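Each chain is listed here by its residues.
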Amino acid sequence: KFDRTVFPRLWALIDSINLPGKYRRTLLGILPAGGAIAPHCDRANDKQVDYGYLYIPLNWPDGNYFKINGAGILRTSSAHYINIWDYTHALINNSNQDRSIIGIRYKPN
């Protein structure tokens, strides 16, 4: 959880999105150049199972991939609402720059 006093610009960005619903947790994710995250499903508990994941790329250099089993590869820097609890997914950064994202566990109204 990001403290609003420590990360005011991050919270200003999140608040500016004005999500119609509620969010449970935020994440600042950095995948270093040449890095990868092996296929996995994120764990959900019964308080999070109806939450999706709003995935907002901040820096997405060419050569970054978000693969979702059965759904293909996201090669875009656009935001996506993703079910990370039920679908196996993996990330690859084949670029020479770090990739960064904001992730928000989010439940629409």
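Use the structure listed above.
A short tour of the structure in this document, coming up. Bear in mind that the values here come from a model prediction, so they are computed numbers and not experimental data.

Rules behind the numbers
Residues numbered from 1 in each chain as written. Predicted model: local features only at pLDDT ≥ 70, side-chain atom pairs only at ≥ 80, totals over all residues. Heavy atoms only, no water. Pairing = 2+ DSSP bridges. Helix = DSSP H or I, 4+ residues; strand = E, 2+ residues; numbered from the N terminus. Axes fitted to C-alpha atoms, helices over the stretch in contact; angles between N-to-C directions. Core = buried A, V, L, I, M, F, W, Y, C linked by side-chain atoms within 4.5 Å. Buried < 20%, exposed > 50% of the residue type's maximum accessible area, 1.4 Å probe, protein only. Contact = heavy atoms within 4.5 Å. Arc of directions from axis to C-beta.

A few points about the sheet that holds strand β2 (residues 36-40)
Working step 1: Overall, antiparallel pairing links the four strands, which are arranged β2-β7-β4-β5 in an open sheet. Where the open sheet ends on each side, the last strands, each with one partner, are β2 and β5 (72-74). Strand after strand, the sheet turns through a mean of 20° between neighbouring axes, direction not considered.
Working step 2: Relative to strand β7 (residues 89-93), β2 runs antiparallel, the two sharing three bridges.

Some thoughts on the nonpolar core
Working step 1: Counting residues in each nonpolar core, the largest one holds twelve residues, listed as Leu31, Tyr53, Tyr55, Trp60, Phe66, Ile68, Leu74, Ile82, Ile84, Trp85, Leu91 and Ile101.
Working step 2: Elements supplying a minimum of two residues to this core: β3 (52-59) and β4 (64-68).
Working step 3: Among residues more than four places away in sequence, those in contact with leucine 91 are Leu31, Gly35, Ala36, Ile37, Tyr55, Tyr65, Phe66 and Arg99.
Working step 4: Among the nonpolar cores identified, the runner-up in size contains nine residues, and Leu10, Trp11, Ile102 and Tyr106 belong to it.

Observations concerning the pairing of strand β8 (residues 99-108)
Working step 1: Of all ten residues in β8, eight are buried, a share of seventy percent or more.
Working step 2: By the bridge criterion, seven bridges tie β3 to β8 in an arrangement that is antiparallel. Within β8, the residue paired with tyrosine 53 across the bridge is arginine 105.

Some words on the environment of aspartate 15
Working step 1: With respect to the helices and strands, the residue aspartate 15 is situated in helix α1 (residues 8-17).
Working step 2: The contact partners of aspartate 15, leaving out residues within four places of it in the chain, are Arg4 and Tyr23.

Comments concerning α1
Working step 1: All buried positions along α1 are accounted for by Leu10, Trp11 and Ile14. Looking straight down α1, one finds that the buried residues subtend no more than 95° of arc, so they occupy a single side. Seen from the buried face of α1, the exposed residues on the opposite side, beyond 90 degrees, are Arg9 and Ser16.
Working step 2: Buried-residue contacts for α1 involve β1 (21-31) and β8.
Working step 3: Directly after α1, the chain includes asparagine 18, whose backbone phi takes a positive value near 55°.

By themselves, these observations are geometric and do not establish any function.
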